[in-house]
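The residues making up each chain are set out below.
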There are 2 protein chains.
Amino acid sequence: MPYPLYPFVKPYLMTRGLQPENQETPIQFIKTDTIDYQLFYRRNHFAYPGLSYSNYWLPINGLVKTAKCFSLQDILRLPSKTLKVVLECAGNKRSLFEPKVFGEQWEKGAISQGYWKGVPLRTLLELAGMKEGAKEVVVEGYDYGRRTDLDTVHTYARSLPIYKAIHPDTIIAYEYNNRPIPFKHGYPLRLIVPQWYAMASVKWIKQISVIDSDFTGPFQSVDYVYYPHKENDEGAFPVTTIKVNSTIQKPLNMEVLNTGKHIIEGIAWTGKGNITKVEVSTNGGKTWTEAKVSQQNKEGYAWSAWKFEWSVAAKGEYTLMAKATNSYNQEQPATPFWNRKGYGYNAIEKIKVKIE
Amino acid sequence: MPYPLYPFVKPYLMTRGLQPENQETPIQFIKTDTIDYQLFYRRNHFAYPGLSYSNYWLPINGLVKTAKCFSLQDILRLPSKTLKVVLECAGNKRSLFEPKVFGEQWEKGAISQGYWKGVPLRTLLELAGMKEGAKEVVVEGYDYGRRTDLDTVHTYARSLPIYKAIHPDTIIAYEYNNRPIPFKHGYPLRLIVPQWYAMASVKWIKQISVIDSDFTGPFQSVDYVYYPHKENDEGAFPVTTIKVNSTIQKPLNMEVLNTGKHIIEGIAWTGKGNITKVEVSTNGGKTWTEAKVSQQNKEGYAWSAWKFEWSVAAKGEYTLMAKATNSYNQEQPATPFWNRKGYGYNAIEKIKVKIE
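Residues numbered from 1 in each chain as written. Chains lettered and ligands numbered in written order. Predicted model: local features only at pLDDT ≥ 70, side-chain atom pairs only at ≥ 80, totals over all residues. Heavy atoms only, no water.

Formally: UniProt positions are given in the numbering used here, feature names are shortened, and annotations may be inferred rather than shown by experiment.
In the nomenclature of an unreviewed UniProt entry, chain A is known as Molybdopterin-dependent oxidoreductase of Bacillus aerolatus. Regarding chain A, the relevant UniProt record gives this comment under Cofactor (unreviewed entry): "Mo-molybdopterin".

Next up, the structure:
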């Protein structure tokens, strides 16, 4: 009997690309509060780096009073904190933009969350001592390669303004869900920037540099910029804070269901503030009813799960919608903010089902 | 050092549903000639059945001279053949229809192929002896459940007209790629009907019945029927033979590439006849050039891989297209045959890329 009588049925990462590896979380099929690392979405700009763990050091340099070089042991000895943080790719839901935009065609699963443990970046900056004139903190990863639009080789590097770098919850993480960070997610050290899209959360940290100017690396000045126009760069501005957003996990888009009771469920999240309300419409937006939001996260760094019981007697086609609101009274817009590179899609979540 | 220095990057099945399990092959990322069973697409109508292997018998009954009941050992002792056969879900590419249709939103991966070994159904029918008046052969699986549109419980069952049932290449298979058929793909016995969409290739065979009328089970008379109209059933006709079709595997839709040389590659397949030609257009269909078709399958039951070298110097947006033709001079149409349940999508394959 070579096969189990009742085979295990499980979802997998959804492959978007392999060179470099880009795979999204099957978010519609995962109802747990944290994502196992094996199903955590993978978003890479380059091939995985080959770094030497056995001789790993973290330098902090630039505009500091004392340049430092921390060993992993040094980092582990410093006071730590553990935060439940959602990481969302700035390109999550890119495939929903109309007109379509180029780039990885992420559906709704370039988002995952779990518990990250680490040392505040602030602590390291205090140990090194920032000099006057410090404007940004650049975090560089070990991953590097050639871009399609430039002929030079670049490492993946991003900067944070000082106020965000010294925020006590911006951490240099070394654990995910109580285990060392998996290699594909940044082992041994990954920057975690709560509230910002995940391009800021640099993996495989190589060095930290304090600078007195605006960082102009291509992942700061070319990518991860909102370009409102197709043909020119007018009105461009950087991608930073995660927008208020939601996803319906169940039912699935274009699913066929029975008449009767159905549970509509999903998640909602926001960079600024907390989720205060999720409203659901089962008639294409004519009327809205509040869903039951079951999990409120104190810091607001994690998503909130929500449910809505729907009783439907009449056969036919229905448009189901979800709209999240945060504590700054920001809500998902009816139409997305189209931008050339396809970042920050957060229009009202919408699916169709057929009742028969 | 808990993680490998250069982690293995691999594609996974793309999850469309888990109850029942429906997952598609990451076809864009697989360039091998046969699909490993772990990446073979899974399409189920119901939960996996609980069948007893230790006491497995295959009955053949109905309009036969001698009703039979074969043990697995009986089947294994009969003369067998091994065929390379593509199985394609009738709903493959359903997500591409406009207007959208309800049902599983398959992209381009509800298709897989490999070597199936088994005994011709014809052999079993000859051993039982069909009586005069025999019109169809019904093959019933062990899987069963409730449908959304009917209140009764049904097993999954399909019929074949006699000419197709006695075709020497319609086989009762017990091996896939030289191993017992994996449970999820029909262990211990699965009907394999080359040239037809895979709804005909019934898994977990429970019994075979010869009948003197048209079989009217719901998977024959409700599903797997082309309904050309949204609001009525006029002009309906059954889904049978696989249409001539092709898929571009590389590059990916909406991918951003460099100027220079690129290999466009993919697969082409057909139910009737063989693939005789694959043409590629890199200018949205204005001009077409023949691709190099590297694999021709004698019986025409398998797909043909093809490649096309594209040199591109000018930056900009390009629409890449592929069009397959078979030996009956059927070619992929410019527009798909829209039908309410979304079967048999085979319009000219089309993707967009950006050169920068």
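**Observations regarding the relation of the copies chain A and chain B**
As a reminder, the rule being used: The copies were overlaid with a least-squares fit restricted to C-alpha atoms from residues scoring a pLDDT of at least 70 in each copy. Only heavy atoms matter for contacts: two residues are in contact if any of them lie within 4.5 Å across the pair.
After a rotation of 180 degrees and a shift along the axis of 0.0 Å, chain A superposes on chain B with an RMSD of 0.0 Å. Between the two chains, the operation in question is that of a two-fold axis. Taking C-alpha positions as reference, the residue of chain A nearest the rotation axis is A:Met14, located at 2.6 Å. Most of the interface of chain A is mirrored in chain B, where 100% of its interface residues are also at the interface.

**Points about the interface of chain A and chain B**
Condition: Buried area: the accessible area, evaluated with a 1.4 Å probe, that two parts lose upon being put together, summed over both parts. Salt bridge criterion: a side-chain nitrogen from Lys or Arg within 4 Å of a carboxyl oxygen from Asp or Glu. For the purposes of these results, a polar contact is taken to be a pair of N or O atoms within 3.5 Å, where, inside protein, one atom must be able to donate a hydrogen and its partner to accept one; residues adjacent in sequence count only when each atom of the pair is a side-chain atom. Each helix corresponds to a stretch of at least 4 residues labelled H or I by DSSP, and each strand to a stretch of at least 2 residues labelled E; elements are numbered beginning at the N terminus. Amino acids are sorted into nonpolar (Ala, Val, Leu, Ile, Met, Phe, Trp, Tyr, Cys and Pro), charged (Asp, Glu, Lys and Arg) and polar (every other residue, Gly among them).
Opposite the 55 residues of chain A that make contact, chain B presents 56 residues. Counting the surface lost from both chain A and chain B, the interface buries some 4600 Å², and carbon and sulfur atoms represent 65% of this. The salt bridge partner of A:Lys230 is B:Glu317, with a shortest N-O separation of 2.6 Å. Here chain A and chain B share 14 residue pairs in polar contact (both at pLDDT 80 or more) between them. Elements with a minimum of two residues in the side of chain A that touches chain B: β1 (14-18), β2 (21-24), β11 (179-180), β17 (255-257) and β24 (349-355) of chain A. In terms of residues, the side of chain A that touches chain B owes the most to one element, β1(A), which gives five residues. Along the lines of polarity and charge, the residues of the side of chain A that touches chain B split into 31 nonpolar, nine polar and 15 charged.

**What about the pairing of strand β23 (residues 316-326) of chain B?**
Residues and elements named next belong to chain B. Rules: A 1.4 Å probe rolled over the protein chains alone gives each residue an accessible area, and that area as a share of the maximum for its type sets the label: buried under 20%, exposed over 50%, partly exposed in between. One requirement defines pairing of two strands: DSSP has to find at least two bridges between them.
Of all the eleven residues making up β23, eight are buried; the element is thus mostly covered by neighbouring parts of the structure. Both strand β19 (residues 275-281) and β23 contribute to a ladder of six bridges, which runs antiparallel. By the bridge assignment, Val280 is partnered in β23 with Ala322. Examined bridge by bridge, β23 and strand β24 (residues 349-355) share seven bridges and lie antiparallel to one another. If you follow Leu320 over to β24, its bridge partner there is Ile351.

**A few points about the side chain of A:His154**
All names here are of chain A. Mapped onto the elements, His154 comes out in strand β9 (residues 153-161). A residue is classified by how much of its surface remains accessible, and His154, at 18% relative accessible area, is buried. A distance of 2.9 Å separates the side chain of His154 from the side chain of Thr152, its partner in a polar contact. With sequence-adjacent residues up to four places away left out, His154 is seen in contact with Phe46, Asp143, Tyr144, Gly145, Arg147 and Pro218.

**So, the sheet that holds strand β20 (residues 289-290) of chain B**
Within a sheet, adjacent strands bond to each other through the backbone by hydrogen bonds, running parallel or antiparallel. Residues and elements named next belong to chain B. Ordered by their spatial adjacency, five strands build an open sheet running β17-β24-β23-β19-β20, and the pairing between neighbours is mixed. One side of each edge strand has no neighbouring strand; the edge strands of this open sheet are β17 (255-257) and β20. Pairing geometry for β19 and β20, over two bridges, is antiparallel. Residue pairing across strands places Glu279 opposite Glu290, the latter belonging to β20.

**A word on helix α2 (residues 121-128) of chain B**
Helical geometry note: an α-helix holds 3.6 residues per turn, so side chains three or four residues apart project in the same direction. Residues of α2(B) that are buried include every one of B:Leu121, B:Thr123, B:Leu124, B:Leu125 and B:Ala128, and no others. Within two residues after α2(B), B:Gly129 carries a phi angle of roughly 80 degrees, on the positive side.

**So, the sheet that holds strand β18 (residues 260-269) of chain B**
All names here are of chain B. The strand order across the open sheet built from four strands is β16-β18-β22-β21, with neighbouring strands paired in antiparallel fashion. Either end of the sheet is taken by a strand with one partner, and the two such strands are β16 (245-250) and β21 (292-293). Of the strand pairs in this sheet, β21 and strand β22 (residues 304-312) are connected by two bridges, and their pairing is antiparallel. Its bridge partner lying in β22, Val293 is registered against Trp306.

**What about the UniProt feature "domain: Oxidoreductase molybdopterin-binding" (unreviewed entry) in chain A?**
As recorded in UniProt, the sites labelled "domain: Oxidoreductase molybdopterin-binding" (unreviewed entry) are residues 45-217 of chain A. Taken end to end, residues 45-217 of chain A has its terminal C-alpha atoms 14 Å apart, with 10% of it in helix and 38% in strand.

**Here's the deal with the domain arrangement of chain A**
Residues and elements named next belong to chain A. The condition that has to hold: Each domain's limits were defined by an automated method or a database of domain assignments.
Partitioning chain A into structural domains gives domain 1 (14-238) and domain 2 (245-355). The C-alpha-based centres of domain 1 and domain 2 are spaced at 28 Å. Each partner contributes residues to the interface: domain 1 has 45 residues there, and domain 2 has 31 residues. Summed over both partners, the interface of domain 1 with domain 2 comes to about 3400 Å²; 57% of that surface belongs to carbon and sulfur atoms. Sorting the residues of domain 1 by area buried against domain 2 places Lys93, Phe97 and Gln195 first, and these three jointly supply 19% of that buried surface.

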